[in-house]
Amino acid sequence: MGVNAQMDPLDFLTNEELLFFFHRKKTEISCIEQPHRLLTQLRDHDLVPEKLFETVKKMRSREQKEKGFYEVLDWVEKKRPQYMHQFWRCVFEDHILQLYPTLRILRNSLLDGTFKLYEKPPDVETLTDEKESEEKAEKGKEKRYKRKGSKDDRSSEDSDGPGPSSTSTPKRRKPVKKPTFSSPVKKGDKQEIWTWPIYKSHLPVTCGDKEGTLYREKLHKGEKCILSHGRWFTPADFEKFAGKEKCKNWKSSIRCRNTPLKKLIEEEHLRCPPTERRKRTCVQKNMNKKFPVSSSESSSSDLETSSSLMEESDSEDFQEQGGRGEGTEFRRRVEDEEEEEEDMADLSVFQAPSLPVTCVSLTGTLYKCRFASGSRGKCIRTEEKWFTPEEFVKQEPTLADGLWKKDILCHGKTINFLLQKKFLRIHSLLCECVKCSTQEEDLLDQKNDDECYVCHSEGDLVCCDECPRAFHSHCHLPAVHGDSPGEWICTLCVLRNNQQWLDSNNMSEQEAFNAPVSQYILHCHYLLLCVYRKDIQKVFVEDPRQTVCRYSEIITQPMWLDRIKQKLDSREYQTVGAFVSDFQLIFSNCRMFNKDNEFGRMGARLKQMFEKEFRKIFSIQ
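What comes next is a walk through the structure. Since we're looking at a predicted model, the values are computed, not measured.

Criteria and thresholds
- Residues numbered from 1 in each chain as written.
- Predicted model: local features only at pLDDT ≥ 70, side-chain atom pairs only at ≥ 80, totals over all residues.
- Heavy atoms only, no water.
- Buried < 20%, exposed > 50% of the residue type's maximum accessible area, 1.4 Å probe, protein only.
- Helix = DSSP H or I, 4+ residues; strand = E, 2+ residues; numbered from the N terminus.
- Pairing = 2+ DSSP bridges.
- Axes fitted to C-alpha atoms, helices over the stretch in contact; angles between N-to-C directions.
- Parallel < 35°, antiparallel > 145°, perpendicular 65-115°, else oblique.
- Left-handed = near helix turned anticlockwise from the far one by under 90°.
- Contact = heavy atoms within 4.5 Å.
- Salt bridge = Lys/Arg side-chain N within 4 Å of Asp/Glu carboxyl O.
- Core = buried A, V, L, I, M, F, W, Y, C linked by side-chain atoms within 4.5 Å.

Across the six residues of strand 2 (residues 210–215), five count as buried, placing the element largely inside the fold. Bridge count between strand 1 (residues 202–207) and strand 2: six bridges; the pairing is antiparallel. When the sheet's bridge partners are listed, Leu-203 is paired in strand 2 with Leu-214. Where strand 2 and strand 3 (residues 226–228) come together, two bridges link them in antiparallel fashion. Bridge pairing in strand 3 links Leu-214 to Ile-226.

In the contact formed by helix 24 (residues 521–534) and helix 28 (residues 598–617), the axes pass within 10 Å of each other and the chain directions differ by 155°. When the interaxial angle is binned, helix 24 and helix 28 end up roughly antiparallel. Handedness of the crossing formed by helix 24 with helix 28: right-handed. Judged by residue contacts, His-523, Tyr-526, Leu-527, Cys-530, Val-531 and Lys-534 of helix 24 engage Leu-606, Met-609, Phe-610, Glu-613, Phe-614, Lys-616 and Ile-617 from helix 28.

Our next topic: the side chain of Lys-210. With respect to the helices, strands and loops of the structure, Lys-210 is situated in strand 2. For Lys-210, the residues in contact, after removing those within four places along its chain, are Val-205, His-229, Phe-238, Phe-241 and Ala-242.

Attention now goes to helix 7 (residues 101–111). Three or more residues of helix 7 are buried, namely Leu-103, Leu-106, Ser-109, Leu-110 and Leu-111. Those residues of helix 7 that are buried lie in contact with helix 1 (15–30), helix 2 (36–44), helix 5 (84–91) and helix 6 (94–99).

Here Val-393 shows up in helix 18 (residues 389–394). Residues Val-393 and Ile-408 lie 15 residues apart in sequence; the distance between their C-alpha atoms is 7.2 Å. Not counting residues within four places of it along the chain, the set of residues in contact with Val-393 comprises Cys-359, Leu-399, Gly-402, Leu-403, Trp-404 and Ile-408.

Here the focus is the pattern of salt bridges. Counted by the stated rule, this structure contains 22 salt bridges. Put simply, Lys-78 and Asp-74 hold a salt bridge, and the shortest N to O gap is 3.1 Å. Taken together, the residues Lys-78 and Asp-74, both in helix 4 (residues 62–79) and four residues apart, mark about one turn of the helix. Judged by relative accessible area, Lys-78 falls into the exposed class, the value being 61%. The salt bridge partner of Asp-449 is Arg-381, with a shortest N-O separation of 2.8 Å. One end of the pair, Asp-449, is in the loop between helix 21 (440–445) and strand 13 (462–463); the other, Arg-381, is in strand 9 (residues 380–381), with 68 residues separating them in the sequence. We classify Asp-449 as buried; its relative accessible area is 12%. Among the charged side chains, a network of salt bridges with common partners joins Lys-26, Asp-74, Glu-77 and Lys-78.

Counting residues in each nonpolar core, the largest one holds 50 residues, and the members touching the most others are Leu-561, Phe-579, Phe-583 and Phe-618. Looking at this core, the elements with two or more residues in it are helix 22 (491–501), helix 24, helix 26 (561–569), helix 27 (576–594) and helix 28. With nine residues, the single largest contributor to this core is helix 24. For Phe-618, the contacting residues outside a window of four places in its chain are Met-507, Ala-512, Tyr-520, His-523, Leu-527 and Val-576. In terms of nonpolar packing, the next biggest core, distinct from the first, is built from 31 residues, Leu-13, Leu-18, Leu-39 and Leu-103 among them.

Take a look at the structure:
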């Protein structure tokens, strides 16, 4: 029977129950980071109209995106309440769950029973009448008593605040509390979900960091019974898929709510295929022929041999299947080496979204959000290009047959170490996300940065065809017009190419100052772009008189980057010296106003960078 013929766990829940769960969780969903992929998924499944999708897509700040995403979810609840099964199936697809840990938590709470679907929602009229209860004390006490009567109701009521689009007044605002979830299992009781009616035919199981669904009847028949990431596995195969092949005992390594399947089998909640008994009997007979034993010893040894041989048989099945795949020898070798690595290292250095990596003489930066596998997802950026891990290793000339898991290092640790510690996660072979896509358009997008080189923010970007940089059209100098035809090259690449064939004779500093701006406009654009980029906190971008208190009382001649850009665009500068003097004015004003505080030191570092770049591009000795 195919995968489609199996009943989805969501089929056990009614549309009303899923709608109730959606209503309670839409605020939590709206807070996920980078919701663009999820929005695209909803749009592609006709759950969100194109116009609403485009509106949210154009939002830039995180606050705007969060508010806009909540409004999308609110629209789905009001306009598409009958499509809750379709919504949750769409949200719970593997490639979406891999991108959003919050959705994985929601899926688990929905399917394992930790969220109570039948709790009574708080009475809105009761809440609005609380103000009048001061005049009617007895009635008010009775209402308060009723609310206190149910612990579950109170915890649910406390955890549900108004959403971003709901109207509320400060009087109705409640102190922030940790979210709590009602459960049909009392505190202290064992959560034996395998006895619940909803899990009569299947159970949620885990092995390592892999999640799946075990179908009871298929296990009893000896078939592939665990469905995970769109694929069917035998228990031994699933153990291998989760990277737990060294355990060689799937009954202990595969768990349901932290309970090994071995215990469920012993308590007869699960039934294994009965075919193993014949193998054990046959082996026992052979042993009795060579080594005769008494009947009492035979009965006790039968029990020991029975359990041990079943586990050995499972291990042999796993070893027979696991040894056939390509690269098994390499994986074992790398894992053995990783066992020798120290676990006492400070793991906090690996928490950053981007990590410095090396491969012998190569250096680059690995961006976690772009990583998919060794051959998919261009996640390592160098000054010249984006690479997949396998491509990055091939750039090192001293490695004839480089292995990306072993040869790429980050803070002295291999990539395999990061995978084992869950700092990186390899996507499934069936994953269809943009990072794993083989379509030409998606592969082309991976060749450039995901954020603007100048302002470090996302949005509609123009990509350079010679380097990995990308820019907002208004951030680049000169500004990029949307109707520019054909190939486009950024200012930094144009300057680099020009310096390869221009006169490379050295200049003195005074000769550079006296040079006309009209002949060195490219150099001026480059310097201004460098300062904009390094001013990450945007301290020197706008007029300080508008934002800094008492600035005009101390600084008589203010200057800022946007003003320099305006003067350069309007051709107010005649010489490079006049252009440079306005930068020096920014740095001197910063030193005078801030002295040696944080901003003063920031200005000093910016001044040092500017002078270094100035001397480099004008070839000043």
